[in-house]
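Chain residues, written in single-letter form:
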Amino acid sequence: MTEKVLLSVQDLKRHFEIGQGETLKAVDGVSFDIVKGETFGLVGESGCGKSTAGRTILGLYNKTDGNVLFEEKNVHKMSDRERREYLKKVQMIFQDPYASLNPRSTVLEIIAEPIEVHKLYKSKEEVKSRVYELLEDVGLNRDHANRYPHEFSGGQRQRIGIARALALDPEFIIADEPISALDVSVQAQVVKLLQRLQKEKGLTYLFIAHDLSMVKYISDRIGVMYLGHMVELTTSNQLYDNPLHPYTQALLSAIPIPDPDIEESRERILLEGELPSPIKPPSGCVFRTRCPQAMSICAEKKPVWKEQEAGHFVACHLFN
Ligand SMILES: Nc1ncnc2c1ncn2[C@@H]1O[C@H](COP(=O)(O)OP(=O)(O)OP(=O)(O)O)[C@@H](O)[C@H]1O
Ligand SMILES: [Mg+2]
């Protein structure tokens, strides 16, 4: 892994004005770098702002504040031409392989669409052979090209989505919960496919997930989000061996262990209460209302995002 920073997300905020003068802070100050060739896992429970972060990085959403730099270029200040180039280099794979493929298009049309939009090939024949090549890359074959999405299983549909994302030979892929809708056995196959493609094509991934179970195996580093904030960031190994933030500890304890003896005696950290609303987040530390270790300072002051040890960042008053 080279140490070239490909993507730099700096104190990124994305708020939504939702009427009656209210603001929903979906992403509220998130920072991380992604190094070329790595897989960066972004984890947190439903509604914490992962997809919004992904979409803002892709430039589908304007930012409210902060910066997103890709190869040192500011994503939200690109010219039309730079933006077109960016949208070739960066692709997204979506969570729901049922909803994300147009049911009225054939697989050939679905995968060829980005190629045609960017006018990469001149003849129909060239486009077709590129699509065949892509189908083979993802473990499907040319016989699949003239079929429709409903003729495929969930795992196969996700392969079609991956082939489409690869069509423009991207450098960076934002995979937004690409396996959450799939059966566990199929999840492993899709993960293996993504890993193989990463090796073959030198891809960099931002891999979004809502729990830590599969992310551990795929990610080099992981960032944990809670209610629009990043609470901890470090290597996968560090995160599992030495989680610092009480929220990370709770997420880890929620991963089932497939051994009934261990599972029975194991202590689970159950978070109390509901996820607060990002419209009225708690004062100070946003996690304090559910934190088993909350102290009085947590309501008064926002914890600082701090590098606790080399490359291991945490925002928590236990370490401030
Ligand atoms: N376009 C929008 N307008 C208003 N609010 C939005 C919009 N998109 C997302 N939100 C809100 O922003 C918050 C973060 O949503 P987001 O989809 O980013 O979460 P997520 O972490 O991806 O969740 P999930 O795991 O369920 O996909 C939620 O409270 C959501 O309701
Ligand atoms: Mg999402």
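Every value quoted in this text rests on a predicted model; they were computed, and no experiment measured them.

Visitor: Talk me through the nonpolar core; I want residue IDs and the actual numbers.
Guide: Residues I162 and L212 are the most contacted members of the largest nonpolar core, which totals 58 residues. The next biggest cluster of nonpolar side chains, apart from the first, holds 28 residues, and it includes I57, F70, M78 and I174.

Visitor: Describe the sheet that holds strand β4 (residues 65–70), with residues and values.
Guide: Working definition: the strands of a sheet are paired by backbone hydrogen bonds and lie parallel or antiparallel to each other. Taken together, four strands build an open sheet; the order of strands is β2-β1-β4-β5 and the sheet is antiparallel. Both edges of this open sheet fall to β2 (23–35) and β5 (73–74), since each of them pairs with a single strand only. Of the pairings in the sheet, the one linking β4 to β5 comprises two bridges and is antiparallel in character. Note that in β5 the partner of F70 across the bridge is K73. Set on the sheet, helix α1 (residues 50–58) makes contact with β1 (5–17), β2 and β4; between it and β1 the angle comes to about 115°.

Visitor: Which residues make up the sheet that holds strand β7 (residues 172–176), and what values do they have?
Guide: With mixed pairing, the eight strands of this open sheet are ordered in space as β6-β7-β8-β3-β9-β10-β12-β11. Among the strands making up the open sheet, the edge pair consists of β6 (90–93) and β11 (305–309). Each strand axis lies, on average, 20° off the axis of its neighbour in the sheet, ignoring direction. Strand direction decides the pairing type here: strand β10 (residues 229–235) and strand β12 (residues 312–315), joined by two bridges, are antiparallel. Each bridged residue has a counterpart across the sheet, and for E232 the counterpart in β12 is V314.

Visitor: Mind laying out the packing of helix α3 (residues 107–117) against helix α4 (residues 124–137), listing which residues take part and the relevant values?
Guide: The geometry of α3 relative to α4 is characterised by a closest axis approach of 10 Å and an angle of 115° between their N-to-C directions. As judged from the angle between their axes, α3 and α4 are roughly perpendicular. Of the two elements, α3 crosses α4, and the hand of that crossing is right-handed. The residues of α4 that touch α3, namely those facing V107, L108, I111, A112, I115 and E116, are K124, V127, K128, R130, V131, L134 and L135. Grouping the constituent residues of the contact of α3 with α4 by class yields nine nonpolar, no polar and four charged.

Visitor: Could you give an account of α1, naming the residues involved and the relevant values?
Guide: Most of α1 is tucked away: seven of the nine residues are buried. Inspection of α1 places K50, T52, A53, G54, T56, I57 and L58 among the buried residues, and these make up the whole buried set. Of the residues trailing α1, G59 is marked for its positive phi of about 85°.

Visitor: Tell me about the UniProt feature "domain: ABC transporter" (unreviewed entry) in the protein chain, and name the residues and values.
Guide: Within this structure's numbering, the places UniProt gives as "domain: ABC transporter" (unreviewed entry) are residues 7–252. Taken end to end, residues 7–252 is 37% helix and 26% strand, and its two terminal C-alpha atoms sit 27 Å from one another.

Visitor: Kindly report on the pattern of salt bridges, identifying the contributing residues and their values.
Guide: In the structure shown here, the tally under the stated rule is 14 salt bridges. Put simply, K280 and E22 hold a salt bridge, and the shortest N to O gap is 3.2 Å. Remark: E22 occurs in the loop between β1 and β2 and K280 occurs in the loop between α10 (260–265) and α11 (297–300); sequence separation between them is 258 residues. With relative accessibility at 61%, the residue K280 sits in the exposed group. The exposure class assigned to E22 is partly exposed, which follows from its relative accessible area of 28%. R164 is paired through a salt bridge with E113; the nearest N and O atoms lie 3.0 Å apart. Of this pair, R164 sits in helix α5 (residues 154–166) while E113 sits in helix α3, and the two are 51 residues apart along the sequence. Residue E113 is classed as partly exposed on the basis of its relative accessible area of 40%. Through salt bridges that share partners, K4, E71 and K89 make up one connected network.

Visitor: Kindly report on the packing of aromatic side chains, identifying the contributing residues and their values.
Guide: Summed over the entire model, instances satisfying the criterion amount to eight aromatic pairs. Measuring from ring centre to ring centre gives 5.6 Å for W305 and F313, while their planes differ by 15°; the resulting arrangement is stacked. An aromatic cluster is built from F70, Y86 and F172, whose rings are joined through pairwise contacts.

Visitor: Any details on the site of ligand 1? Residues and values, ideally.
Guide: Close contacts around ligand 1 come from 13 residues, with S46, G47, K50, S51 and T52 the closest. Between ligand 1 and C48, the relevant distance is 3.2 Å, taken from an oxygen atom to a main-chain nitrogen or oxygen of the residue. Between an oxygen atom of ligand 1 and a side-chain N or O atom of S51, the distance comes to 2.8 Å. Isolated, ligand 1 exposes 640 Å² of accessible area, and the fraction of that covered by the protein chains is 66%.

Visitor: How would you summarise the state of the cysteines if you had to cite specific residues and measurements?
Guide: In total, this model carries zero disulfides according to the counting rule given. There is no disulfide at C298, and the cysteine sulfur nearest it, in C285, is 6.0 Å away. Left without a disulfide partner, C316 is nearest to the cysteine sulfur of C291, which lies 6.2 Å away. According to the relative accessible area criterion, C316 is buried, its value standing at 8%.

The rules behind the values
- Residues numbered from 1 in each chain as written.
- Chains lettered and ligands numbered in written order.
- Predicted model: local features only at pLDDT ≥ 70, side-chain atom pairs only at ≥ 80, totals over all residues.
- Heavy atoms only, no water.
- Core = buried A, V, L, I, M, F, W, Y, C linked by side-chain atoms within 4.5 Å.
- Buried < 20%, exposed > 50% of the residue type's maximum accessible area, 1.4 Å probe, protein only.
- Pairing = 2+ DSSP bridges.
- Helix = DSSP H or I, 4+ residues; strand = E, 2+ residues; numbered from the N terminus.
- Contact = heavy atoms within 4.5 Å.
- Axes fitted to C-alpha atoms, helices over the stretch in contact; angles between N-to-C directions.
- Parallel < 35°, antiparallel > 145°, perpendicular 65-115°, else oblique.
- Left-handed = near helix turned anticlockwise from the far one by under 90°.
- Nonpolar A, V, L, I, M, F, W, Y, C, P; charged D, E, K, R; others polar.
- UniProt positions renumbered as here; feature names shortened; annotations may be inferred.
- Salt bridge = Lys/Arg side-chain N within 4 Å of Asp/Glu carboxyl O.
- Phe/Tyr/Trp six-rings, centres within 6.5 Å; stacked < 30°, edge-to-face > 60°.
- Near = heavy atom within 4 Å.
- Polar contact = N/O pair within 3.5 Å; in protein donor to acceptor, adjacent residues only side chain to side chain.
- Areas by Shrake-Rupley, 256 points an atom, 1.4 Å probe, with all protein chains shown as cover.
- Disulfide = S-S within 2.5 Å.

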